[in-house]
Amino acid sequence: MHIEEYTTYQESEVLALYGSVGWTAYTEQPEALRRGFAGSLLTLAARENGTLVGLLRAVGDGCTVVLVQDLLVRPDHQRRGIGTALMQAALERYLRQTGVQVRHTRAMEIAVQDGAVCGVKTANGPIPADAVILATGGCSYPLTGSTGDGYRMAAALGHTIVEPVGSLVPLVERGHDCAAMQGLALKNVTLRLKNAKGKVVFEEFGELLFTHFGLSGPIVLSASAHMDRKGEAFTVDLDLKPALDEKTLDERLLRDFEKYANRDFSHALDDLLPRSMIPVVIKRSGIPGEEKVHSVTKQQRHALLDILKHFTIDIVCKAPVEDAIVTSGGVKVREVDPATMESKLVRGLYFAGEVLDVDAYTGGFNLQIAWATGRAAGLAAAQTQEESE
């Protein structure tokens with residue numbers, strides 16, 4: 001990526017530029033460009049060969065333009081958001097201002113001498129260093145370059161690696177019921193994750209999504225963190241009506257059945273369930289869809305009630321680690337100083353982020369882990385550098 005220096009233009013110059021090259025204004029109020037710039041944040045872009053060419057911010061009577069190239073193309077050829085471009089441009093500008101050198105190469109291994117870090121061996125030759133921060137991420141999102149190389153480099157220096165597996169990951173069903181409801185999102189349901197012995201190992205109230213392969217959504221991702229690494233069978237047990245106990249729900253069914261007494265059973269659940277879920281529930285209930293509601297027996301009604309309170313889905317496995325939000329596993333934390341993130345085995349070696357065996361639920365906690373360990377490692381490594389000079 002190439003970034004030109006910030007340049008300030010007067011309004012008339014930018015308007016001329018706007019008209020001559022066909023800029024597109026990325027703003028909720030495009031006409032702000034013609035009304036003046038004070039206090040407004042505008043992003044201008046012209047696409048030439050898939051290239052993003054600009055970010056613009058108003059500054060008083062003038063405006064500041066940053067020209068950024070090659071920011072819309074990713075390895076999977078999908079476009080990045082404009083926020084990504086802005087953050088990347090700001091980060092690279094800060095790196096230049098603070099004198100940071102960016103080396104575009106591949107790290108092969110960490111060089112150690114007399115029990116202390118002395119540099120990094122790269123594809124383009126060695127780079128000497130008194131401190132190295134290993135922040136290579138986990139195994140998830142391999143398109144970002146997070147391919148697990150950090151585990152190999154840490155293991156080569158004697159660190160114990162807890163087997164990396166996907167965490168906060170969708171679940172794959174055994175069967176096809178979820179696929180039949182693909183795209184259906186449920187709110188306000190209770191999910192219970194049961195192991196092979198029927199013990200509830202996780203329970204949470206919230207939202208989930210049925211997909212073509214199984215289940216996803218916030219409470220499903222959190223549940224996946226409680227599935228062990230042994231390949232044990234698990235079952236998801238959904239309470240579709242957690243606000244109603246069985247007695248109250250049965251009363252609700254009786255009212256609906258009375259309301260639709262002369263209808264086919266297949267048309268009597270519209271007030272109770274989403275449309276795409278009704279065929280699956282009917283199939284599970286064993287009640288013929290064409291049976292008149294007034295013919296449904298008490299026993300059949302109770303079977304339907306049980307399905308609504310215990311809609312079970314057998315889980316084959318987690319989705320692949322490539323689909324996971326975070327990686328569970330990594331460098332064993334007992335071998336790392338929690339105050340400085342420095343290795344207890346190799347002086348001058350620090351760890352930060354997902355390369356460590358630390359992970360948490362969805363909700364920003366894993367980002368906090370990355371930021372907190374990164375800051376601690378950075379401060380400690382900088383102090384090591386100062387002491388060596």
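Rules and cut-offs
- Residue positions are given per chain, counting from 1 as you read along its sequence in written order.
- Local features in this predicted model are restricted to residues of pLDDT 70 or higher, and side-chain atom pairs are both shown and tallied only at a pLDDT of 80 or more, whereas totals for entire chains, interfaces and linings draw on every residue.
- To get the side-chain values, take all heavy atoms of the structure and skip hydrogens and water.
- Salt bridge criterion: a side-chain nitrogen from Lys or Arg within 4 Å of a carboxyl oxygen from Asp or Glu.
- Note on conventions: DSSP H or I runs of at least 4 residues are helices, E runs of at least 2 residues are strands, and numbering of each starts at the N terminus.
- Accessible area is worked out with a 1.4 Å probe on protein chains only. A residue is then buried under 20% of its type maximum, exposed over 50%, and partly exposed in between.
- Any two strands with at least two DSSP bridges between them are considered paired.
- Angles shown run from 0 to 180 degrees and are taken between the N-to-C directions of axes, each axis being a line fitted to C-alpha atoms and, for helices, limited to the stretch in contact.
- Think of a polar contact as two N or O atoms within 3.5 Å of one another; within protein, one of them needs to be a possible hydrogen donor and the other a possible acceptor, and neighboring residues in sequence only count if both atoms come from side chains.

Draft legend 1. Examining the pattern of salt bridges more closely. Within this structure, the stated rule accounts for 12 salt bridges. A salt bridge links Asp271 to Lys259; the shortest N-O distance between them is 3.0 Å. Linking Asp271 in the loop between helix 7 (246-259) and helix 8 (278-285) with Lys259 in helix 7, this pair joins segments that are 12 residues apart in sequence. When its relative accessible area of 36% is taken as the criterion, Asp271 is described as partly exposed. Counted as one network, the salt bridges with shared partners bring together Asp177, Lys283 and Arg284.

Draft legend 2. Main features of the sheet that holds strand 6 (residues 107-113). One open sheet accounts for 3 strands, arranged 6-7-8; its pairing is antiparallel. Where the open sheet ends on each side, the last strands, each with one partner, are strand 6 and strand 8 (125-128). Averaged over neighbouring strand pairs, the angle between their axes works out to 30 degrees when direction is ignored. With 4 bridges joining them, strand 7 (residues 116-122) and strand 8 adopt antiparallel strand pairing. Within strand 8, the position partnered with Thr122 by the bridge is Gly125.

Draft legend 3. Up close: the pairing of strand 13 (residues 200-210). As defined by bridge partners, strand 12 (residues 185-194) adjoins strand 13 across 8 bridges and the pair is classed as antiparallel. Note that in strand 13 the partner of Leu193 across the bridge is Phe202. Hairpin connection of strand 12 to strand 13: 5 residues between the antiparallel strands, including Gly198 at a positive phi of 85 degrees. The sheet contact formed by strand 13 and strand 14 (residues 214-216) spans 2 bridges and is antiparallel. Bridged to Leu209 within strand 14 is Ser216. Where strand 13 folds back on strand 14, the antiparallel hairpin that results is connected by 3 residues.

Draft legend 4. How the structure looks around the side chain of Asn366. Here Asn366 shows up in helix 10 (residues 365-388). On the basis of relative accessibility, which here comes to 17%, the residue Asn366 falls in the buried class. Within the structure, the side chain of Asn366 is placed 2.9 Å from the backbone nitrogen of Ala360, a separation counted as a polar contact.

Draft legend 5. Just unusual backbone geometry, in detail. The backbone of Leu168 sits at a positive phi, close to 55 degrees, despite the residue not being glycine. Residue placement: Leu168 occurs in the loop between strand 10 (161-167) and strand 11 (171-173). The phi angle at Met341 is positive, at roughly 65 degrees, despite the residue not being glycine.

Coordinates in, geometry out; function isn't part of it.
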